[in-house]
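# Breakdown of the fold
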Amino acid sequence: MTIDDVRAMPFVKAYIQKAKSENNIPKLIQGYRDGRQFDYHNKMSYADSALTVSIKQGTKDDISKDYLSKGIIYYFYQKKYKLALNQYMKAYDYSKGSKDKYQHYKVIYHLGIVKEHLGYYDEALEHFQECSQFYERAMNQKGLHENLQFNNKKAYLNSLHQMTVVNRYLKNVSTSDSLSKLGYKLTEGDRDFLLENSYFLKCIGISKFLKKDYDGAASDLNRALPAILKRNDFAWVSVIYYYLGKISEAKNLDDFVIGYYSKIDSIFVKEGFILPEVYKSYNYLISYYKNKDLDKQLYYTDQLLKADSMISKDYPYLSGKLHKEYDRRSLIEQREDIEKAGRKKMRIAQFLILSSTITIIFFVIRYRKDRRIKKQYDLLQKRIEEGSYGIANTVEEQSQEYSLRKTFLTPEVTSDIGERLEKFERELQFTKKGITQNSIAAKLNTNANYLSIYINENKGMNFTRYIAELRINYITNLLNTNTKYLNYTIEALAEECGIAARQNFSNLFYDINGIRPTDYIKKRKKELRIS
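Residues numbered from 1 in each chain as written. Predicted model: local features only at pLDDT ≥ 70, side-chain atom pairs only at ≥ 80, totals over all residues. Heavy atoms only, no water.

## Description of the side chain of Ser 281
Under the convention used in this document: Only runs of H or I of at least four residues qualify as helices and only runs of E of at least two qualify as strands under DSSP, and these elements are numbered from the N terminus. Think of it in three bands: residues with accessible area under 20% of the maximum for their type are buried, residues over 50% are exposed, and the middle band is partly exposed, with areas taken using a 1.4 Å probe on protein chains only. Only heavy atoms matter for contacts: two residues are in contact if any of them lie within 4.5 Å across the pair.
Structurally, the position occupied by Ser 281 is in helix α14 (residues 281-289). Classification of Ser 281 as buried rests on a relative accessible area of 1%. Dropping the residues within four chain positions of it, Ser 281 is found in contact with Tyr 242, Tyr 261 and Ile 264.

If you want it as C-alpha cells, here you go:
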C-alpha cells in the first residue's frame with residue numbers, strides 16, 4: 001500500500017478496534033498513525049486522535065512524532081505554514097534529549113521547510129545542512145537494518161533537495177547546480193527514489209531555464225512532472241507550470257503560456273494556495289487579456305488581489321519585495337479604470353476601495369500600536385539589563401528625627417522582619433496561591449500590622465501591590481532568561497507565579513511592565529529569532 005491509499009482503511013479500522021479492546025496503547029497509537037497515513041480525507045482527525053493518546057499515555061518520543069505529523073499535514077496537504085510551524089516547535093521541545101536522533105533531526109528539517117517558505121533562507125539553509133550531515137553519516141553506518149538505511153537515505157536526499165532550492169533562492173547558482181546534479185546521480189535508475197529523482201530533475205530544469213537553455217529546461221521539467229503530479233505535490237507542480245510558461249513566453253508561444261498559467265490559477269482556486277515564485281503569472285494574464293476580454297481581465301485582477309492578500313499574510317518577509325514589483329495601490333487604480341469600462345461591475349470596485357481603506361486604517365492603527373509596544377518592551381529590557389528592574393528598598397538612610405516621626409517599629413523588629421521577608425522572597429513563597437497578609441505575618445512570626453508598616457516604609461507600596469510586583473517580576477525574569485516559558489500559555493504563566501485568573505495576571509503584567517504578556521512574548525521571540 002502507498003500513502004493515501006484508502007483501500008488499507010478496513011484493515012486499519014479493524015486494527016484500531018482490536019487495540020482498543022485489548023487496551024494496547026502502543027498499538028492504538030500506531031493504528032491512528034496508519035489511519036493518518038492512508039485516509040486522505042480524515043488525516044487531521046486521525047492525527048488528533050494519535051496525539052491525544054500519546055499525550056495521555058505515550059512517551060515523549062510518541063508526542064514528538066505526533067506533533068510533527070500534524071504539522072506535516074498542515075504543511076504538505078493544507079499549506080498552512082504558520083500552523084505547521086506551531087506544531088513543529090512543540091515536536092522539537094519533546095524531541096530534546098531523546099535518543100531517537102532520526103526523529104530529532106526530522107523535526108529540525110521540517111522547521112527548515114517552514115522557514116524556507118516564510119522567506120528566512122539563511123536560517124533554513126542552516127537547518128538543511130545540519131540534517132544532511134546527520135543523515136549522511138547515519139545511512140553509511142555499517143550493519144544498519146535496510147529499513148533504517150532507506151529512511152536515512154530518503155531523509156538525506158530530501159535535505160539535499162531543499163539545500164538545492166534554498167541556494168537557488170540565495171543566488172548561489174553554482175552550489176545549487178552541484179547539489180542538484182549530486183542528488184540526481186544518487187537517485188538515477190532507483191525506483192525506490194523516483195520522486196526524489198524527479199525533484200532534482202526539476203531543479204536541473206529550472207537552472208537550465210535561467211541559463212536560457214529553453215529546450216533542455218522544457219525536457220527536464222516535463223520528465224519531472226508525472227511523479228510530482230502523482231504525489232499530488234501541487235506546490236512544486238505549480239512551479240513547474242510556471243517555468244514551462246516562462247519558456248513559452250521566451251518562444252512567443254502565447255497559447256502555451258496561457259495554458260500553463262491557467263493551470264497555476266486552477267491550483268490556486270482548488271487548493272487556496274500560491275507560492276511567491278509563481279505569483280507573476282497573473283501579471284501576464286492581466287496584460288494579455290487587456291482590451292481583449294474584459295471579464296477575464298477582471299477575473300485575473302481579482303485573483304491577483306486574492307493572491308496578494310494571502311501572500312502578505314503567509315509570507316511577511318517576501319511580501320515587501322512583491323509590493324515593490326507590483327504595487328497594490330496601482331493595481332486597485334487599474335481595477336477602477338476597468339470598472340468604469342464596465343458599469344455593471346461598479347459595485348465590485350466600490351467594495352475594493354472600501355476594503356483597501358479599511359485595510360490601510362487597520363495597518364496604521366496596528367503600526368502605531370506596534371511602535372508603542374516596542375517602546376515599552378525596549379524600556380523594560382533596558383531596566384532588566386541595567387539591573388534596575390524589581391522592588392528596591394525606598395528607605396536606605398533617614399535622619400533619626402524623621403525616622404521617629406515616621407514609624408514606631410524598633411530597629412530590632414525592622415531588621416528581623418526584613419531578614420525574614422528577604423528569605424520569603426528568596427524561597428519564592430509568594431508564588432503560592434491564596435496567600436494573605438495575615439498568613440504571611442504568621443509565617444514570619446510577626447503581626448499583620450507590623451508587616452504592613454514595614455512594607456509601606458521599606459518597599460514604598462501596600463501589601464497587595466508588593467505581592468503583585470514580586471509575582472510579575474518573577475515571571476518576567478523567567479520569560480527573559482528561559483526560552484521554554486515563551487511557549488507557555490497565559491494561564492500557565494499565571495499559575496507559575498501564583499495568580500489565579502488569566503485576566504488578572506494580564507492586567508497586573510500590563511500595569512507593572514507597561515506591556516501585555518502576549519506582546520512581550522512576541523517581542524522576545526522575535527528578538528531571539530524563535531518562530
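## Let's talk about the confidence of the model for the protein chain
As a reminder, the rule being used: pLDDT gives the predictor's per-residue confidence on a scale running from 0 to 100.
In the predicted model, the protein chain carries a mean pLDDT of 86, and the fraction of residues at 70 or more is 88%. Element-level pLDDT for the protein chain is lowest in helix α16 (residues 316-325), with a mean of 39, against a maximum mean of 97 in helix α10 (residues 194-210). Residue range residues 317-327 is modelled with pLDDT below 50. Its contacts to residues more than four positions away, or to other chains, number 20 contacts. Note on residues 396-405: pLDDT is under 50 here. Beyond four places in sequence and across chains, it has 0 contacts.

## Let's talk about the nonpolar core
So the rule is basically this: Within this scheme, the nonpolar core is defined by two criteria: the residues are buried Ala, Val, Leu, Ile, Met, Phe, Trp, Tyr or Cys, and they are joined through side-chain atoms within 4.5 Å.
Among the nonpolar cores identified, the biggest contains 90 residues, and Ile 228, Ile 274 and Tyr 282 are the most heavily contacted of them. Those residues in contact with Tyr 282, other than ones at most four positions away along the chain, are Asp 265, Phe 268, Ile 274, Tyr 300, Gln 303, Leu 304 and Ala 307. Judged by nonpolar contacts, the second largest core, of 43 residues, contains Tyr 454, Leu 479, Ile 490 and Leu 493.

## Quick look at empty space enclosed by the protein
Remark: the empty space left among the atoms is shown by a probe the size of a water molecule rolled over them. This is how the line gets drawn: Cavity: a set of points on a 1 Å grid over the protein atoms alone where a 1.4 Å probe fits but cannot get out. Pocket: an open set with protein on both sides within 12 Å along at least five of seven lines, its lining residues, like those of a cavity, having an atom within 4 Å of a point. Grid points are joined across faces, edges and corners, and a volume is the space filled by probe spheres set on the points. Gly is placed with the polar residues, together with every amino acid not listed as nonpolar (Ala, Val, Leu, Ile, Met, Phe, Trp, Tyr, Cys and Pro) or charged (Asp, Glu, Lys and Arg).
Applying the stated criterion across every chain, the model contains 2 cavities of 30 Å³ or more. Computed from the structure, the largest cavity encloses a volume of approximately 40 Å³. Along the walls of the largest cavity sit Tyr 75, Lys 79, His 117, Tyr 169, Ala 235, Trp 236, Val 239 and Leu 275, which together make up its complete lining. Partitioning the lining of the largest cavity into residue classes produces 6 nonpolar, 1 polar and 1 charged.

## Regarding the layout of surface pockets
In this structure, the second largest pocket encloses a volume near 2000 Å³. Forming the boundary of the second largest pocket are 50 residues, of which Ile 3, Gln 37, Lys 154, Leu 195 and Arg 231 lie nearest the centre. Every element with two or more residues in the lining of the second largest pocket is listed here: α2 (25-38), α4 (60-77), α6 (101-117), α8 (146-169), α10 and α11 (214-230). Top contributing element to the lining of the second largest pocket by residue count: α8, with 9 residues. Residue composition of the lining of the second largest pocket, by class: 23 nonpolar, 13 polar and 14 charged.

## Focus on the packing of aromatic side chains
Aromatic ring pairs: the centre-centre distance and the angle between the two ring planes describe each pair. The condition is simple: Only centres within 6.5 Å qualify two rings of Phe, Tyr or Trp (six-membered ring in Trp) as a pair; their planes then separate them into stacked at under 30 degrees, edge-to-face at over 60, and tilted for everything else.
Per the stated rule, a full pass over the model turns up 27 aromatic pairs. Measuring from ring centre to ring centre gives 5.8 Å for Phe 209 and Tyr 214, while their planes differ by 45°; the resulting arrangement is tilted. Relative accessible area serves as the criterion here: at 12%, Phe 209 is assigned to the buried category. Ring geometry for Tyr 284 and Tyr 288: centres 6.3 Å apart, planes at 10°, overall stacked. Of the two residues, Tyr 284 and Tyr 288 are both situated in helix α14; the distance of 4 residues between them amounts to about one turn of the helix.

## A word on the packing of α8 against helix α9 (residues 173-187)
Short version of the rule: As a rule, the C-alpha atoms of each element are fitted with a line to give its axis, helices using only the stretch in contact, and angles between N-to-C directions run from 0 to 180 degrees. Just so you know how the angles are binned, under 35 degrees is roughly parallel, over 145 roughly antiparallel, 65 to 115 roughly perpendicular, and the rest oblique. In a left-handed crossing the near helix is turned counterclockwise from the far helix by less than a right angle, and in a right-handed crossing that turn is clockwise.
Direction vectors running N to C along α8 and α9 enclose 155°, while the axes themselves pass 8 Å from each other. Put simply, α8 runs roughly antiparallel to α9. Note on packing geometry: the crossing formed by α8 with α9 is left-handed. Each of Lys 153, Tyr 156, Leu 157, Leu 160, Met 163, Thr 164, Asn 167 and Arg 168 in α8 lies in contact with α9, whose residues at this interface are Thr 175, Ser 176, Leu 179, Ser 180, Leu 182, Gly 183, Leu 186 and Thr 187. When the residues that make up the contact of α8 with α9 are grouped by side-chain class, the tally is 7 nonpolar, 7 polar and 2 charged.

## Thoughts on helix α1 (residues 9-22)
Our working definition: A helix is expected to reach a length of 1.5 Å times the quantity of its residues less one. Comment: arc refers to directions from the helix axis out to C-beta atoms.
Given a rise of 1.5 Å per residue, 14 residues ought to cover 20 Å, and the 20 Å separating the end C-alpha atoms of α1 matches this to within 8%. Three or more residues of α1 are buried, namely Met 9, Val 12, Ile 16 and Ala 19. The arc enclosing the buried residues of α1, seen along the axis, measures out at 85°, which places them on a common side. Projecting away from the buried face of α1 at angles above 90 degrees are the exposed residues Pro 10, Phe 11 and Ser 21. Where α1 is buried, its residues touch α2 and α3 (43-57).

## A word on the environment of Gly 272
Of note, Gly 272 is situated in the loop between α13 (254-271) and α14. By relative accessible area, Gly 272 is classed as partly exposed at 45%. Once the C-alpha coordinates of Gly 272 and Lys 306 are considered, the two residues, 34 residues apart in sequence, prove to be 9.5 Å apart. In contact with Gly 272, other than residues within four places in its own chain, are Ile 267 and Met 310.

## Topic: the side chain of Arg 168
Relative to the helices and strands, Arg 168 is located in helix α8. Here Arg 168 is in contact with Ser 176, Ile 206, Leu 210, Trp 236, Tyr 243 and Glu 277, once residues within four sequence places are set aside.

## Re helix α12 (residues 234-250)
Along its 17 residues, α12 runs 24 Å from first to last C-alpha, staying within 8% of the 24 Å computed at 1.5 Å per residue. For α12, the buried fraction is high: 14 of the 17 residues fall into the buried class. Just downstream of α12 lies Asn 252, where phi reads positive at about 60°.

## Some thoughts on unusual backbone geometry
Even without being glycine, Asn 232 reaches a positive phi, approximately 60°. By secondary structure assignment, the location of Asn 232 is in the loop between α11 and α12. When its relative accessible area of 30% is taken as the criterion, Asn 232 is described as partly exposed. For Asn 291, which is not glycine, the phi torsion reads 65° and is therefore positive. Residue Asn 291 is classed as exposed on the basis of its relative accessible area, which comes to 77%.

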